[in-house]
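Chain residues, written in single-letter form:
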Amino acid sequence: MDKFEKLKKTLLTLLMCVIGILFMSPFIWMISASMKPEADVFIYPIQWIPKHWHVIENYKEVWSTNFPLYYWNSIKVTVCTTALSVLLSSMAAYSFSKIKFRGRNVIFILVLVIYMIPSQAILVPQFLLFRWVGLFDSHFGLILLGSFSVLGTFMLRQFYLGIHEEYMESARIDGAGHFRIFWSICTPLVKPAIATYAILRFIWTWNDYQNPLIFLRTKTLFTLPLGIQSFADLNGNFYSLIMAASVSAIVPLLIIFIIGQKQVIEGISMGGVKG
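Rules used throughout
Residues numbered from 1 in each chain as written. Predicted model: local features only at pLDDT ≥ 70, side-chain atom pairs only at ≥ 80, totals over all residues. Heavy atoms only, no water. Phe/Tyr/Trp six-rings, centres within 6.5 Å; stacked < 30°, edge-to-face > 60°. Buried < 20%, exposed > 50% of the residue type's maximum accessible area, 1.4 Å probe, protein only. Helix = DSSP H or I, 4+ residues; strand = E, 2+ residues; numbered from the N terminus. Lys NZ or Arg CZ within 6 Å of the ring centre and 35° of its normal. Axes fitted to C-alpha atoms, helices over the stretch in contact; angles between N-to-C directions. Left-handed = near helix turned anticlockwise from the far one by under 90°. Contact = heavy atoms within 4.5 Å. Nonpolar A, V, L, I, M, F, W, Y, C, P; charged D, E, K, R; others polar. Expected span 1.5 Å × (residues − 1). Arc of directions from axis to C-beta.

**Q** Just checking my understanding: could you explain the packing of aromatic side chains for this structure?
**A** In this structure the tally under the stated criterion is 16 aromatic pairs. Centroid distance W63 to F67: 5.1 Å. Interplanar angle 80 degrees. Geometry classified as edge-to-face. For F67, a relative accessible area of 1% puts it in the buried group. Between the aromatic rings of F202 and W206, the centroid separation amounts to 5.9 Å while the plane-to-plane angle is 10 degrees, which identifies the pairing as stacked. A residue pair is termed a helical-turn pair when its members lie 3 or 4 positions apart in one helix, as F202 and W206 do in helix α10 (residues 191-207) at four residues. Through pairs of rings, three or more aromatic residues link up here, namely W63, F67, Y71, F202 and W206. Lying across the ring of F136, R131 places its NZ or CZ 5.5 Å from the centre.

See the structure below:
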């Protein structure tokens with residue numbers, strides 16, 4: 001039985017490794033293509049390790065355009081949106097889980113109903129509203145657009161519900177109000193869940209193509225997804241340069257995930273225990 005279990009685990013591990021390699025192969029090809037001269041990109045069979053290296057030339061060509069400006073725009077919008085979204089979602093989650101007020105459940109159901117509406121269905125009203133209030137074609141408007149997340153509120157609410165009331169009662173006895181309880185008692189206890197949502201929010205905002213496409217018109221305000229599209233329109237026949245731009249665009253996502261992967265695992269573990 002022990003030998004059978006060991007064989008089963010070995011085969012399962014090998015299967016997962018093969019599946020992992022298959023999922024990683026497009027990413028590996030993208031990195032490889034970004035380091036080749038254009039003539040070697042589509043050579044068959046695929047040269048996973050370039051015979052002729054063209055790294056400095058490709059990346060220099062990409063970064064000599066408006067790419068640094070698009071990069072800065074994405075960093076600014078993504079960081080501000082993530083910070084504001086985490087704060088608002090955490091406060092809303094705490095309110096819906098720990099503050100008792102009339103109509104709380106009804107309001108929360110209405111919030112969930114909003115999540116069921118496809119984002120494409122409300123693009124026109126959002127567009128008209130933003131033009132009316134003067135937030136169209138601005139980073140501030142784009143940040144406000146992504147600052148509230150129904151999914152973030154729902155996700156964090158489940159973790160706040162898992163905090164025992166004894167902690168809050170002890171804080172109230174010491175004279176703490178709701179803001180002090182939220183900031184000093186409850187939020188540190190759900191920090192892995194908040195970190196998990198922050199990473200997800202960062203990735204969603206960084207990769208967002210739809211909202212910048214609709215709500216930005218000035219080219220100097222473009223974020224990376226629009227910037228890469230603009231770069232591809234100018235360099236459509238040079239796939240090595242497009243791959244170099246794509247690799248540059250995903251570097252912050254890899255850094256954020258590597259830094260926060262421990263918190264993500266803890267957040268998933270917390271959810272599994274509470275479930």
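**Q** Any chance you could explain the packing of helix α8 (residues 165-173) against helix α9 (residues 178-189) here in plain terms?
**A** A pair of packed helices can be characterised by two numbers: the angle between their axes and the separation between those axes. Closest axis-to-axis distance for the α8/α9 pair is 10 Å, and the angle between their directions is 145 degrees. Classified by chirality, the crossing of α9 by α8 is right-handed. Between α8 and α9, the contacting residues are Y167, M168, A171 and R172 on the first element and H178, I181, I185, C186 and L189 on the second. A per-class count over the contact of α8 with α9 returns seven nonpolar, one polar and one charged.

**Q** Looking at this structure, how should I read helix α4 (residues 104-116)?
**A** Each turn of an α-helix holds 3.6 residues, which means side chains three or four residues apart point in the same direction. With 13 residues, α4 should reach 18 Å at 1.5 Å per residue; the first-to-last C-alpha distance of 19 Å fits that figure. When we look at burial in α4, the residues that qualify are R104, F108 and V111. The arc enclosing the buried residues of α4, seen along the axis, measures out at 55 degrees, which places them on a common side. Turned more than 90 degrees from where α4 packs its buried face, V106, I109, L110 and M116 sit exposed. Of the surrounding elements, those touching the buried residues of α4 are α3 (67-98) and α7 (150-161).

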